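Residues per chain, in single letters:
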Amino acid sequence: MAKIIDGKAISAQIKEELKVQVAEYKAKGIDICLAVIQVGNDPASSVYVGNKKKACEFIGINSLAYELPEETTQEELLNIIKDLNNRADVNGILVQLPLPKHIDEDLVIKTIDPSKDVDGFHPQSVGALSIGQKGYVSCTPAGIIQLLKRSDIEIKGKECVVVGRSNIVGKPMALLLLREDGTVTVTHSRTKDLKEVTKRADILVVAIGKPKFITKEYVKEGATVIDVGIHRMDNGKLCGDVDYDDVFDVAGAITPVPGGVGPMTIAMLMANCVESALMN
Ligand code: GUN
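Now for a description of the structure that goes with this document. (Residues numbered from 1 in each chain as written. Predicted model: local features only at pLDDT ≥ 70, side-chain atom pairs only at ≥ 80, totals over all residues. Heavy atoms only, no water.)

This part is about helix 2 (residues 43-59). The terminal C-alpha atoms of helix 2 lie 25 Å apart, and with 17 residues this matches the ideal 24 Å at 1.5 Å per residue to within 8%. Within the sequence span of helix 2, burial applies to Ser-45, Val-49, Lys-52, Ala-55, Cys-56 and Ile-59. Around the axis of helix 2, the buried residues are gathered within 120 degrees of arc, so they sit on the same side. Residues Pro-43, Lys-54 and Glu-57 are exposed on helix 2 and point more than 90 degrees away from its buried face. (Helix = DSSP H or I, 4+ residues; strand = E, 2+ residues; numbered from the N terminus. Expected span 1.5 Å × (residues − 1). Buried < 20%, exposed > 50% of the residue type's maximum accessible area, 1.4 Å probe, protein only. Arc of directions from axis to C-beta.)

Shown next, in the form of structure tokens:
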């Protein structure tokens, strides 16, 4: 039977710690401000953006909300970002993804000043991570490292297998586990004998976007299983990329969905915002 890694509780603890830090900054006259930009009104994005604003409020970070219509041109969006880059009172800039099809996401990300890139998506932030230099780290993988550390799960020397190679989760996850001295394998949709590889893992991080894909046949007895996926099933309930009930008896520790990785992403965004107070 697995130990449940409680992301809700760990993220609440991190947010409490950040709240104290923000109050200390405030006492010194330092205010932190995050600009959040949403283009269009994708319902899922609106929920995420709302949660980010709420987290800012809780911690004591000011937030500037830009709710732009779907028809906003790329040039208009880039001009807003450039203005925010130049504003001394704005520490962090977040552009909620996905963007409408007529806007080049890579160009938008590249336009954000790397010192304000609290999402950690800018090529400079990714490059810094890959060569062990200082920079913002993508929030979901950073949150997973915190989940492991705060649950006393050692990474050093362990076999870590990441399923999925996205720029936002899989790749930075692999780099972070490597930074923590894990032995890291990245797998993906073209990996041969995926089960053979995942069964080697002491720590298995799953981010493939397929509901309940990982069953107990993929998991070594006692492994730690981290589930990044989130899907709404036909019955209205949420599930992850891992078949939780099936894997529960085999795993040593497991994150639930919801209440595992999800809450950590926002907590780490807030941590990046607090860090931004020192960057600019
Ligand atoms: N869309 C889904 N997740 C994220 C995220 O972490 N940051 C941004 N900017 N957009 C997202």
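When its volume is computed, the largest pocket comes out at roughly 1600 Å³. If you go around the largest pocket, you meet 48 residues; those closest to its centre are Tyr-48, Thr-140, Ile-230, Gly-262 and Thr-265. Taken together, the elements giving at least two residues each to the lining of the largest pocket come down to helix 1 (7-27), helix 2, strand 4 (92-95), helix 6 (139-150), strand 9 (231-232) and helix 10 (262-279). Among the elements that line the lining of the largest pocket, the one with the most residues is helix 2, at nine residues. Of the residues in the lining of the largest pocket, the class split is 25 nonpolar, 14 polar and nine charged. By volume, the second largest pocket is sized at about 370 Å³. Among the secondary structure elements, those contributing two or more residues to the lining of the second largest pocket are helix 4 (105-111), helix 5 (123-130) and helix 7 (170-179). (1 Å grid on protein atoms, 1.4 Å probe; cavity = no way out; pocket = protein on both sides within 12 Å on 5 of 7 lines; lining within 4 Å. Points joined across faces, edges and corners; volume = space filled by probe spheres on them. Nonpolar A, V, L, I, M, F, W, Y, C, P; charged D, E, K, R; others polar.)

Turning to the packing of aromatic side chains, a few remarks are in order. By the definition in use, this model includes two aromatic pairs. Aromatic pair Phe-213 and Tyr-218: ring centres 5.6 Å apart, planes at 50 degrees, arrangement tilted. Judged by its relative accessible area of 27%, Phe-213 falls in the partly exposed class. With a centroid separation of 5.5 Å and an interplanar angle of 40 degrees, the aromatic rings of Tyr-244 and Phe-248 are classed as tilted. Residue Tyr-244 and its partner Phe-248 are both found in helix 9 (residues 244-248); the two are separated by four residues, about one turn of the helix. The exposure class of Tyr-244 is partly exposed, given its relative accessible area of 23%. Classification of Phe-248 by relative accessible area gives buried; the value is 15%. Between the NZ or CZ atom of Lys-19 and the centre of the ring of Phe-58, over which it lies, the distance is 4.1 Å. (Phe/Tyr/Trp six-rings, centres within 6.5 Å; stacked < 30°, edge-to-face > 60°. Lys NZ or Arg CZ within 6 Å of the ring centre and 35° of its normal.)

Moving on, we get to empty space enclosed by the protein. The method is simple in principle: a probe with the dimensions of a water molecule rolls over the atoms, and the space it marks as empty is what remains. Counted according to the given criterion, the structure contains one cavity of 30 Å³ or more. A volume near 60 Å³ is recorded for the largest cavity. Lining the largest cavity are Ile-93, Leu-94, Val-95, Leu-97, Val-108, Ile-109, Ile-112, Asp-117, Asp-119 and Phe-121. Sorting the residues of the lining of the largest cavity by element identifies strand 4 and helix 4 as the ones contributing at least two each.

In this structure the tally under the stated criterion is eight salt bridges. Between Lys-53 and Glu-67 there is a salt bridge, and its shortest N-O distance comes to 2.8 Å. Here the residue Lys-53 occupies a position in helix 2, and Glu-67 occupies one in strand 3 (residues 62-68), the gap between them amounting to 14 residues. Of the residues examined, Lys-53 reaches a relative accessible area of 22% and is grouped as partly exposed. (Salt bridge = Lys/Arg side-chain N within 4 Å of Asp/Glu carboxyl O.)

Glancing now at the environment of Gly-7. Position of Gly-7 among the secondary structure elements: in helix 1. Through-space distance from the C-alpha of Gly-7 to that of Ile-144 is 9.1 Å; in sequence the pair is 137 residues apart. Beyond its immediate stretch of four places on either side in the chain, Gly-7 contacts Leu-147, Gly-259, Gly-260, Pro-263 and Met-264. (Contact = heavy atoms within 4.5 Å.)

Glancing now at the site of the ligand. Every residue lining the ligand is accounted for by Lys-52, Leu-94, Val-95, Gln-96, Leu-97, Asp-119 and Phe-121. In this structure, a nitrogen atom belonging to the ligand sits 2.8 Å away from a main-chain N or O atom of Val-95. At 2.6 Å from a nitrogen atom of the ligand is found a side-chain nitrogen or oxygen belonging to Asp-119. Bound to the protein, the ligand loses 78% of the 280 Å² it would expose on its own. In a pocket analysis with a 2 Å cut-off to the grid points, the ligand is assigned to the largest pocket. (Near = heavy atom within 4 Å. Polar contact = N/O pair within 3.5 Å; in protein donor to acceptor, adjacent residues only side chain to side chain. Areas by Shrake-Rupley, 256 points an atom, 1.4 Å probe, with all protein chains shown as cover. Sits in = over half its atoms within 2 Å of the grid points.)

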